[in-house]
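# Architecture at a glance
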Amino acid sequence: MSQFHPIIYVRGYAMTASEIADTVSMPYMGFNLGATRVRQSWDGSVYKQIFESPMMRLMKDYGYTDAFSDGAEVDREITNKTVVIYRYYDQADRDFGEGKPLSIPAAALQLGDLILNIRDRLCGDDQALRAAFRVNLVAHSMGGLVCRCLLQNGGISTPAVKQMVDKVFTYATPHNGIEMAGINVPAFLGLWDINNFNRATMAEYLGFDRKPSRVDSLDGKFDPDRFFCLVGTNQQDYGAAKGVSKWLAGKMSDGLVAIENAAVQGAPRAFVYRSHSGPYGIVNSEDGYQNLVRFLFGDVRVDGVMDVESLPLPPSVEKARKEGRRVRASYYFEATVSPRGARSFRLTERRKETFSAVLRKFDEMMKPKQAGLDSARSPVLFSTFLDSSKITVDRGRTMVMTVELAVSATDYFVDGALWTEHRVEGEYLYRDTLTLKMTPTEDGWNLRYVTTDEQWSERGGSKAEQEGSSYLIPLSSKKGFKAQLRMNLRRRNG
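Residues numbered from 1 in each chain as written. Predicted model: local features only at pLDDT ≥ 70, side-chain atom pairs only at ≥ 80, totals over all residues. Heavy atoms only, no water.

Attention now moves to the pairing of strand 21 (residues 428-441). Relative to strand 21, strand 18 (residues 399-409) is paired through ten bridges, and the arrangement is antiparallel. Residue pairing in the sheet places A406 in a bridge with R431 of strand 21. Note: strand 21 against strand 22 (residues 444-450), seven bridges, orientation antiparallel. What sits directly across from T435, in strand 22, is V450. Between the antiparallel neighbours strand 21 and strand 22 lie two residues. (Pairing = 2+ DSSP bridges. Helix = DSSP H or I, 4+ residues; strand = E, 2+ residues; numbered from the N terminus.)

With that out of the way, let us pick up the pattern of salt bridges. Per the counting criterion, the structure on display carries 29 salt bridges. In this structure, D303 and R490 form a salt bridge, with 3.5 Å as the shortest nitrogen-oxygen distance. Taken together, the residues span a long stretch of sequence, with D303 in strand 12 (residues 300-310) and R490 in strand 26 (residues 482-491) at a distance of 187 residues. When its relative accessible area of 9% is taken as the criterion, D303 is described as buried. For R490, a relative accessible area of 38% puts it in the partly exposed group. Residues joined in a network through salt bridges with shared partners are E52, R57, K60, D61 and E286. (Salt bridge = Lys/Arg side-chain N within 4 Å of Asp/Glu carboxyl O. Buried < 20%, exposed > 50% of the residue type's maximum accessible area, 1.4 Å probe, protein only.)

A separate point is the packing of aromatic side chains. Summed over the entire model, instances satisfying the criterion amount to 19 aromatic pairs. Ring centres of Y86 and Y88 lie 5.2 Å apart, and the angle between their planes is 40°; on these two criteria the pair is classed as tilted. For Y88, a relative accessible area of 3% gives the class buried. Measuring from ring centre to ring centre gives 5.0 Å for F169 and Y171, while their planes differ by 75°; the resulting arrangement is edge-to-face. Aromatic ring contacts, followed pair by pair, group F169, Y171, F228, F295 and F385 into a single cluster. Its guanidinium or amino end placed over the ring of F271, R350 lies 3.9 Å from that ring's centre, counting from NZ or CZ. (Phe/Tyr/Trp six-rings, centres within 6.5 Å; stacked < 30°, edge-to-face > 60°. Lys NZ or Arg CZ within 6 Å of the ring centre and 35° of its normal.)

A separate point is the side chain of R57. Relative to the helices and strands, R57 resides in helix 2 (residues 54-62). On the basis of relative accessibility, which here comes to 11%, the residue R57 falls in the buried class.

This is the structure:
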């Protein structure tokens, strides 16, 4: 089966009448917007970087075309490399519709009809082509909830339509609703359809047969491995609602959607220092585009899990613990992943500075390790997709990426009091950058790694130990930290 399928773009939320009018006026519903600036550092410094737009880049890099012709939609030949813009906001414009936005179930229903229309235009009456037909859905913000409604609500579309969806990629979608000042938006707040992000309302239109406390589950209706969530971590640059939103959403957000609410359970995800929208927005970014095309077209998935074996305490804190005193702290696990040649983007970055690092409590880390890899002492650090077709060295076989890892602790509290003895502000228990070189073999992979120090020496690196389908890289520091990076590599897309 071809790795290329038609792409349907599903735009995000437009709040006010003026925002809806602006949306309707854009041919590509916002996916044509680019950017010329990117935040270079956490201190707010800026440097120039031209990103043309995801639409333009798909055309330039992969030969995709749009579906417009002579001023009409879906009016030209549809191929496996066609991008179709789902313009569901036209209904909300009085020139084109009734002046009222579609409900999410109504928008999902029309999305299903659009998928069938694309299939009919691409495949005609050829039964083999119709059986093999697939589309990819790419959605921003609320558009991701429209896609989930289509896939999860049994009353919206048939199983046959859902089977036609190959992959789903969401930018900054509030998969578990939106919270302002820590409170989920109320269901009665119908103004501007904000109640679409209330969890009780979401549970209803997503087709849950109960009202769960969280609604960020695909509920067994779609394979989470085929659903990717891109999470924004830049709160400061979101300027909608006159800047009020970003303060109500808080620092652990993209300015609108909380980091913890921006992914579905069990799905691969990446974290990028981008805001919900705007000049520094997540859609208008090289980081977003590179994750998008690697997820859609890449042929290798790489997951990194850190199995923690030993977490040292400062000597005086360890002494207090052994004396039976109550010790409290938390640990940050940071990870940044970049493929070879990525000078202007990162595929994912989970950092303390952006409040996106994996956080584990002292009590969780001190418990005996549980069976499996889902325990607190085995945090999943990243899920990354790579494309072997982009390799230009080593006979086109070896994929290379760098992984920056860091582990640190918050302040220590002993019997409720801040412990300052032997405490060094900003101290890391472990910090290093690994260069990973992955070469496919007949029965798996040859994975070699080089540390920061080895980059400056004559050493050629070490070979990761294979354990089943995983590859283990030992991590340690002079402070007594000890762990292993468990790499899981899987081929995909046939």
